[in-house]
Amino acid sequence: MFDNPARLILAMAFIPPILLFPARADEIELLGRSEVPVDAKYRATADTRTYEFRPTLVLINDSGWTKKLLINASTHSAEILGQCGVGVPVINLITLKTSEKYKDPDRSQRIDLARGISPAAKPLVFFIRSSGDVMKDAFSYGKSNTRSAELKDTVWVKNALSDIAGIALAHELVHILSNSGEHISEPGNLMNEDADTTTVKLKPDQCSNIVRRGIENGFLNPKD
Ligand SMILES: [Zn+2]
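Model, not experiment: these values are computed from the prediction. (Residues numbered from 1 in each chain as written. Predicted model: local features only at pLDDT ≥ 70, side-chain atom pairs only at ≥ 80, totals over all residues. Heavy atoms only, no water.)

**Examining the sheet that holds strand 2 (residues 50-53)**
Turning to step 1, where the next piece is worked out: With mixed pairing, three strands are arranged side by side in an open sheet as 4-2-9. The sheet terminates laterally at strand 4 (86-87) and strand 9 (220-223), the two strands that pair on one side only.
Turning to step 2, where the next piece is worked out: Two strands pair when backbone bridges link them, and strand 2 and strand 9 are joined in this way by four bridges, in the antiparallel orientation. For E52, the partnering residue across the bridge sits in strand 9 and is N221.
Turning to step 3, where the next piece is worked out: Packing of helix 6 (residues 204-216) onto the sheet brings it into contact with strand 2, strand 4 and strand 9, and relative to strand 9 it is tilted by some 110°. (Pairing = 2+ DSSP bridges. Helix = DSSP H or I, 4+ residues; strand = E, 2+ residues; numbered from the N terminus. Contact = heavy atoms within 4.5 Å. Axes fitted to C-alpha atoms, helices over the stretch in contact; angles between N-to-C directions.)

Next comes the structure, spelled out in structure tokens:
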């Protein structure tokens, strides 16, 4: 997953495109990859040790999401995770142009999308318009709730959520970091099953679990 990209690209050149894109290549087109710096004050708010976290965010053109909305949501989620000492130094952004059906992807189309941007460092966060087969406005796949290698460690955020997208995104990223679907019903806690503008807090034991599991899963790098 964190292999040298140059080597992977080289390796990919020898694989027929049909294996990489079971969807027709013109249905999922990679428009670009970029790194957007995160405002320094959101890199981490803890005074203690910090842990670098680099998810890959995927913007789908004409999904209702814009680069600005995506960056706002990601910055807000970085601010929330900062209370655990988790810092997001840059937003790794991939922009896709897709045919209409991939803006509201069902499960097999989600697999196509995840496969279509490979190689990319996980977790992958897809900003989609909607999805007919999942009712929740944001959802994720951990290591144990899917058998699809492509879907493991992916987060899907629908456009309906734009006003609290940062909170929903932080919530889903905690599921991925801690590799757990656990919810708690405590007022104001980020891990309530339903997100609203007040559910942003994490308790010290949640933070230590996120950090420990995040390091074990290879998603967090301790910074001195
Ligand atoms: Zn949840």
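Picking up where we left off.
**Comments concerning the nonpolar core**
Turning to step 1, where the next piece is worked out: One finds F53, F127 and V157 to be the most contacted residues of the largest nonpolar core, which totals 42 residues.
Turning to step 2, where the next piece is worked out: Put simply, the parts of the chain that give this core at least two residues each are strand 2, strand 3 (56-60), helix 3 (67-81), strand 5 (90-98), strand 6 (124-128), strand 8 (154-158), helix 5 (165-178) and helix 6.
Turning to step 3, where the next piece is worked out: Those residues in contact with V157, other than ones at most four positions away along the chain, are W65, V125, F126, F127, I128, D137, A138, A165 and L169.
Turning to step 4, where the next piece is worked out: Listed in part, the 19 residues of the second largest apolar core include I60, I94, A114 and W156. (Core = buried A, V, L, I, M, F, W, Y, C linked by side-chain atoms within 4.5 Å. Buried < 20%, exposed > 50% of the residue type's maximum accessible area, 1.4 Å probe, protein only.)

**Some thoughts on the packing of helix 3 against helix 5**
Turning to step 1, where the next piece is worked out: For the pair helix 3 and helix 5, the least separation of the axes is 7 Å and the interaxial angle reads 55°. Between helix 3 and helix 5, the interaxial angle falls into the category oblique. Viewed along their axes, helix 3 and helix 5 form a crossing whose handedness is right-handed. For the pair helix 3 and helix 5, the contacting residues are A73, S74, H76, S77, I80 and L81 in the first and A165, G166, I167, L169, A170, L173 and V174 in the second. (Parallel < 35°, antiparallel > 145°, perpendicular 65-115°, else oblique. Left-handed = near helix turned anticlockwise from the far one by under 90°.)

**Overview of the coordination of the zinc ion**
The reference angle at a metal is 109.5 degrees if four donors form a tetrahedron and 90 or 180 degrees if six donors form an octahedron.
Turning to step 1, where the next piece is worked out: Looking at the metal site, the zinc ion is ligated by H171 (NE2), H175 (NE2) and H183 (NE2), spaced 2.0 Å from it.
Turning to step 2, where the next piece is worked out: Taking the relative accessible area as the measure of exposure, H183 reaches 30% and is therefore partly exposed. (Donors = N, O, S within 2.8 Å, 3.2 Å for Na, K, Ca; no water.)

**Structural notes on the sheet that holds strand 8**
Strand pairing in a sheet takes place through backbone hydrogen bonds and is either antiparallel or parallel in direction.
Turning to step 1, where the next piece is worked out: In spatial order, the strands read 1-5-3-6-8-7; together these six strands make up an open sheet with mixed pairing. Every interior strand has two partners, whereas the edge strands, strand 1 (28-37) and strand 7 (138-141), have only one. On average, adjacent strands in this sheet sit at an angle of 20° to one another, irrespective of strand direction.
Turning to step 2, where the next piece is worked out: For strand 6 and strand 8, the ladder comprises five bridges, and the chain directions are parallel. Looking at strand 8, one finds that F126 is bridged to W156.

**So, the confidence of the model for the chain**
It should be kept in mind that the predicted coordinates are not to be read in detail where pLDDT is low.
Turning to step 1, where the next piece is worked out: In the predicted model, the chain carries a mean pLDDT of 87, and the fraction of residues at 70 or more is 84%.
Turning to step 2, where the next piece is worked out: Low pLDDT, under 50, characterises residues 1-20; the stretch is placed with 14 contacts to residues that sit more than four places away or in other chains. (pLDDT = per-residue confidence, 0-100.)

**A few points about helix 3**
Turning to step 1, where the next piece is worked out: The end-to-end C-alpha separation of helix 3 is 21 Å, in line with the 21 Å expected for 15 residues at 1.5 Å each.
Turning to step 2, where the next piece is worked out: Along helix 3, the residues classified as buried are L70, I71, A73, S74, T75, S77, A78, I80 and L81. (Expected span 1.5 Å × (residues − 1).)

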